[in-house]
Amino acid sequence: EDQVTQSPEALRLQEGESSSLNCSYTVSGLRGLFWYRQDPGKGPEFLFTLYSAGEEKEKERLKATLTKKESFLHITAPKPEDSATYLCAVHPTVTTDSWGKFQFGAGTQVVVTP
Amino acid sequence: DAGVTQSPTHLIKTRGQHVTLRCSPISGHKSVSWYQQVLGQGPQFIFQYYEKEERGRGNFPDRFSARQFPNYSSELNVNALLLGDSALYLCASSLNGNTEAFFGQGTRLTVV
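In this convention, every chain numbers its residues from 1, walking through the sequence in written order. Chains carry letters from A onward and ligands carry numbers from 1 onward, assigned in written order. This being a predicted model, a pLDDT of at least 70 is required before a residue's local features are given, and a value of 80 or more before pairs of side-chain atoms are given or counted; all residues contribute to the totals for chains, interfaces and linings. Derived side-chain values reflect all non-hydrogen atoms in the structure, with water molecules and hydrogen atoms excluded from consideration.

Asks: I'm lost on the interface of chain A and chain B in this one. Help?
Replies: Any pair of residues with heavy atoms lying within 4.5 Å of one another is described as a contacting pair. Between chain A and chain B, the residue contacts involve 22 residues of the former and 25 residues of the latter. Surface buried jointly by chain A and chain B totals about 1800 Å² across both partners, of which 53% is contributed by carbon and sulfur atoms. Criterion for a salt bridge: a side-chain nitrogen of Lys or Arg within 4 Å of a carboxyl oxygen of Asp or Glu. There are zero salt bridges connecting chain A and chain B. Between N or O atoms, a polar contact is any pair within 3.5 Å; within protein, one atom must be a potential hydrogen donor and the other a potential acceptor, and residues adjacent in sequence are included only when both atoms are from side chains. Where chain A touches chain B, the interface holds four residue pairs in polar contact (both at pLDDT 80 or more). Among the secondary structure elements, those contributing two or more residues to the side of chain A that touches chain B are strand E4 (30-38), strand E5 (45-50) and strand E9 (84-92) of chain A. Numbering of helices and strands runs from the N terminus, with a helix taken as a DSSP run of H or I at least four residues long and a strand as a DSSP run of E at least two residues long. Tallying contributions element by element places E4(A) first for the side of chain A that touches chain B, with four residues. Looking at the side of chain A that touches chain B residue by residue, the classes come out as eleven nonpolar, eight polar and three charged. The buried area of a pairing is the accessible area, by a 1.4 Å probe, that goes missing from both parts when the two are put together, added over both. As a working rule, the residues Ala, Val, Leu, Ile, Met, Phe, Trp, Tyr, Cys and Pro are called nonpolar, Asp, Glu, Lys and Arg charged, and the rest polar, with Gly in that last group.

Asks: Got a minute to help me understand the state of the cysteines in this structure?
Replies: Pairs of cysteine sulfur atoms within 2.5 Å are what we label disulfides. Per the stated rule, a full pass over the model turns up two disulfides over all chains. One disulfide in the model links Cys23(A) with Cys88(A); its S-S distance is 1.8 Å. When the S-S torsion is 60°, as for the bridge of Cys23(A) with Cys88(A), the disulfide is right-handed. Here Cys23(A) is found in strand E3 (residues 19-26), whereas its partner Cys88(A) is found in strand E9, with 65 residues between them in sequence. The pair formed by Cys23(A) and Cys88(A) is uniform in burial state, with each residue classed as buried. Note on cysteine connectivity: Cys23(B) is disulfide-linked to Cys91(B), with sulfurs 1.8 Å apart. For the disulfide bridge between Cys23(B) and Cys91(B), the dihedral angle about the S-S bond is near -60°, and by the sign convention the bridge is left-handed. One end of the pair, Cys23(B), is in strand E3 (residues 19-24); the other, Cys91(B), is in strand E9 (residues 87-94), with 68 residues separating them in the sequence. When a residue's accessible area, from a 1.4 Å probe over protein chains only, is under 20% of the maximum for its type it is buried; when over 50% it is exposed; and in between it is partly exposed.

Take a look at the structure:
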């Protein structure tokens, strides 16, 4: 069965203190891995899509990387406005059973203090 | 550009009642997915529709049903509500169901 595990569950950072979030996954075949940011009570906001091992994507202070078993979201010199829950989701290789079925992890709650 | 819109934003229902949630996708997107998110967990996949046909279904009871209309908007229906159905219900739209999905703000359903 497809599984997505995110660690740590929660992370408290000082402003400017860089860190990394981990997303480990088990799927029979990976079509894509997605990172989202979610603020309390709101819908997830799309950040990145990664398709193959070795791929990297960057946006402002965020950088996502992908290997065959896991993905990392690196937060460089975070600011308080980066405080949110970061979710990763995997989309298995498309079959009749997996069409559109994104499997989400539980998320990492990040708090950045001034 | 209008993003994904969901209505209503909040809803309180009594056990045993029925509820209908609505979603309008991003213009040009033909696929809509529904997710349930309980506090502290990631979204759980309920349904996906593409070109008005159901293409995927998660592990939810038959009390949950959905449909997609010719204009690609969608409804999620839940019958015989249980306390455990209280959650944030999220709608996501994508071009074809297998590319990145963009979420609405969600409908917060509380069952009392």
